[in-house]
Number of protein chains: 2
Amino acid sequence: MKSPQEVFADFLADRNLKTTPQRRLILDTLLKQNDHLSPEELYAKVKKRDKSIGQATVYRTLKLLNESGLIEPLDFADGVTRYEPSYGEEHHDHLICERCGKNIEILDTVIERRQEELAAEHGFTLLRHKMYLYGMCGECRKKKQ
Amino acid sequence: MKSPQEVFADFLADRNLKTTPQRRLILDTLLKQNDHLSPEELYAKVKKRDKSIGQATVYRTLKLLNESGLIEPLDFADGVTRYEPSYGEEHHDHLICERCGKNIEILDTVIERRQEELAAEHGFTLLRHKMYLYGMCGECRKKKQ
DNA sequence: GGGGAAGATGAAAATGATATTCAAACAAAA
DNA sequence: TTTTGTTTGAATATCATTTTCATCTTCCCC
Ligand SMILES: [Mn+2]
Ligand SMILES: [Mn+2]
Ligand SMILES: [Zn+2]
Ligand SMILES: [Zn+2]
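Just so you know, these numbers come straight off a predicted model, no measurement behind them.

Colleague: For the sheet that holds strand S3 (residues 93-97) of chain B, give the residues involved together with the corresponding values.
Modeller: With mixed pairing, the six strands of this open sheet are ordered in space as S4(A)-S3(A)-S5(A)-S5(B)-S3(B)-S4(B). The two strands at the open ends of the sheet, each matched to only one other strand, are strand S4 (103-106) of chain A together with strand S4 (103-106) of chain B. Neighbour-to-neighbour, the strand axes of the sheet open up by a mean angle of 20°, direction not taken into account. Judged from the eleven bridges that link them, strand S5 (residues 125-136) of chain A and strand S5 (residues 125-136) of chain B form a sheet pairing that is antiparallel. Across the sheet, the residue bridging to Tyr134 of chain A is Arg128 of chain B, located in S5 of chain B. Running over the sheet, helix H5 (residues 109-121) of chain A touches strand S3 (93-97) and S5 of chain A together with S3, S4 and S5 of chain B and is turned about 135° from S5 of chain A.

Colleague: Pulling in residues and values, what's your account of the packing of aromatic side chains?
Modeller: With the rule as written, the count across this model stands at six aromatic pairs over all chains. With 5.9 Å between their ring centres and 85° between their planes, Phe76 of chain B and Tyr132 of chain B make a pair best called edge-to-face. Linking Phe76 of chain B in the loop between strand S1 (71-74) and strand S2 (82-85) with Tyr132 of chain B in strand S5, this pair joins segments that are 56 residues apart in sequence. Clustering of aromatic rings is evident, with ring pairs tying together Phe76, Tyr132 and Tyr134 of chain A. Over the ring of Tyr134 of chain B we find Arg128 of chain A, and its NZ or CZ is 4.2 Å from the ring centre.

Colleague: Outline the coordination of the manganese ion (ligand 2), listing residues and values.
Modeller: All names here are of chain B. For the manganese ion (ligand 2), the full set of protein donor atoms is His91 (NE2), Asp93 (OD), Asp93 (OD), Glu112 (OE) and His129 (NE2), and the range of their distances to it is 1.9 to 2.8 Å. The sequence pattern formed by the donor residues of the manganese ion (ligand 2) is H-x1-D-x18-E-x16-H. Here Glu112 is found in helix H5 (residues 109-121), whereas its partner His129 is found in strand S5, with 17 residues between them in sequence. As far as the burial class goes, Glu112 and His129 line up, both buried.

Colleague: Explain the side chain of His94 of chain B to me, using residue names and the numbers behind them.
Modeller: All names here are of chain B. Within the secondary structure, His94 sits in strand S3. Residue His94 is classed as buried on the basis of its relative accessible area of 2%. Separated by 3.4 Å, the side chains of His94 and His92 make a polar contact.

Colleague: Quick rundown of the protein's contact with DNA strand C? Include the residues and the values.
Modeller: Close to DNA strand C lie 22 residues; Lys18, Thr20, Arg23, Thr57 and Arg60 of chain B are nearest. Here, DNA strand C places atoms within 4 Å of the protein, and 72% of those atoms are sugar or phosphate. In this structure, Arg23 of chain B approaches DNA strand C through a side-chain N or O atom, which is 2.6 Å from a phosphate oxygen. Contributing elements (two or more residues each) for the surface near DNA strand C: helix H4 (55-67) of chain A together with helix H2 (21-32) and helix H4 (55-67) of chain B. By residue class, the composition of the surface near DNA strand C is eight nonpolar, nine polar and five charged.

Colleague: Which residues make up the confidence of the model for chain A, and what values go with them?
Modeller: Per-residue pLDDT for chain A has a mean of 95; in total, 99% of the residues score no lower than 70. Looking across chain A, the model is least confident in helix H6 (residues 138-144) of chain A, with a mean pLDDT of 89, and most confident in H4 of chain A, with 98.

Colleague: Pulling in residues and values, what's your account of the pattern of salt bridges?
Modeller: For the structure on display, the rule yields 25 salt bridges over all chains. Note that Asp28 of chain A and Lys32 of chain A form a salt bridge whose closest N and O atoms lie 3.3 Å from each other. Taken together, the positions of Asp28 of chain A and Lys32 of chain A, both in helix H2 (residues 21-32) and four residues apart, correspond to about one turn of that helix. Among the residues examined, Lys32 of chain A registers a relative accessible area of 62% and is labelled exposed. Salt-bridge contacts for Asp75 of chain B lead to Lys130 of chain B; the nearest nitrogen and oxygen are separated by 3.7 Å. Within this pair, whereas Asp75 of chain B is found in the loop between S1 and S2, its partner Lys130 of chain B is found in strand S5, the two being separated by 55 residues in sequence. On the basis of relative accessible area, Asp75 of chain B is assigned to the partly exposed category, the value being 22%. Using a relative accessible area of 16% as the deciding quantity, one classes Lys130 of chain B as buried. Linked through salt bridges whose partners overlap, the residues forming this network are Asp75 and Lys130 of chain A together with Asp75 and Lys130 of chain B.

Colleague: Can you break down the layout of surface pockets residue by residue, with the values?
Modeller: Its volume calculated, the largest pocket comes out at about 1,000 Å³. Surrounding the largest pocket, 37 residues form its lining, Pro73, Asp75, Arg128, Lys130 and Tyr132 of chain B being those nearest its centre. Those elements giving two or more residues to the lining of the largest pocket turn out to be strand S1 (71-74) and S5 of chain A together with S1, S2, S3 and S5 of chain B. Tallying contributions element by element places S5 of chain B first for the lining of the largest pocket, with seven residues. Of the pockets and cavities examined, the second largest pocket occupies roughly 440 Å³. Glu72, His91, His92, Asp93 and His129 of chain A are the residues nearest the centre of the second largest pocket, which is lined by 22 residues in total. Mapped onto the lining of the second largest pocket, the elements with two or more residues apiece are S1, strand S2 (82-85), S3, H5 and S5 of chain A.

The rules behind the values
Residues numbered from 1 in each chain as written. Chains lettered and ligands numbered in written order. Predicted model: local features only at pLDDT ≥ 70, side-chain atom pairs only at ≥ 80, totals over all residues. Heavy atoms only, no water. Pairing = 2+ DSSP bridges. Helix = DSSP H or I, 4+ residues; strand = E, 2+ residues; numbered from the N terminus. Axes fitted to C-alpha atoms, helices over the stretch in contact; angles between N-to-C directions. Contact = heavy atoms within 4.5 Å. Phe/Tyr/Trp six-rings, centres within 6.5 Å; stacked < 30°, edge-to-face > 60°. Lys NZ or Arg CZ within 6 Å of the ring centre and 35° of its normal. Donors = N, O, S within 2.8 Å, 3.2 Å for Na, K, Ca; no water. Buried < 20%, exposed > 50% of the residue type's maximum accessible area, 1.4 Å probe, protein only. Polar contact = N/O pair within 3.5 Å; in protein donor to acceptor, adjacent residues only side chain to side chain. Near = heavy atom within 4 Å. Nonpolar A, V, L, I, M, F, W, Y, C, P; charged D, E, K, R; others polar. pLDDT = per-residue confidence, 0-100. Salt bridge = Lys/Arg side-chain N within 4 Å of Asp/Glu carboxyl O. 1 Å grid on protein atoms, 1.4 Å probe; cavity = no way out; pocket = protein on both sides within 12 Å on 5 of 7 lines; lining within 4 Å. Points joined across faces, edges and corners; volume = space filled by probe spheres on them.

As structure tokens, then:
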């Protein structure tokens, strides 16, 4: 299996785009995290390693990384798009506490299978799906009263 | 069962907010549709009936209608939030053709149950969820080759 | 059926995330 | 190397949504 760096380099070459230190740095920073980073947060981290990098480059690179299949955009309903590395990772969905932001990765084969079946019942070929469960975690429920 | 109008009036009274012609008109316009309207689209429709209404009032009223449980925000990932009347309607999710935009409302009790169970297994109280299935419909698949 | 206080309104300005523009710097193919 | 197309950072623009503010309206008490 190719490394993410290789995948990205190949993707860029395919499109006649260039490999640059900024693009490498951004991918690298993203891979070091296994958090769900917003562009703003990623920009802060990247800036620590290269003081001169610009916000626009972070947004532009995230777009490319997404198109190359290396990362996945997430919507935790907090006003920003977050991203997670997805290359070589098993698909999963998310369970989110709307109070404290706690975020649990979930995967349920029953649900995944039914999604396929549902699509098929309507004559669709399922390409992808989004599923987010929003609720309140145990700790927050206790704190509440 | 109370009418949506009554529900809204009660909701407003409860919060010491006022019933106004603008708020009534917006709810009314929304109920006449069973489409998934964006604030912009709704504003255009409402404006035909009351030339003097402002955008801000539409946004403000959508927020209130959502809080009152009468409508539901949707995220079709096209850059705008859309809304659909949900009072007295059964909950459902959406199956979307990424090629032609066709949008089918789906509901699966197996999935809904597993969502609850999954949340509970992690100590969460499930408040809401988003599930969108993206694929290609039968017609688009045929047209493709 | 009038005050009058609390709320609501529309227009305009502000916000905040993301995208674009532009001139200068750079990558990489030849 | 040279050359050409691409990328960069800073600044500015965009676009959906929210806020501000001065004016108007609702509705509760007399
Ligand atoms: Mn995740
Ligand atoms: Mn559902
Ligand atoms: Zn929590
Ligand atoms: Zn289709």
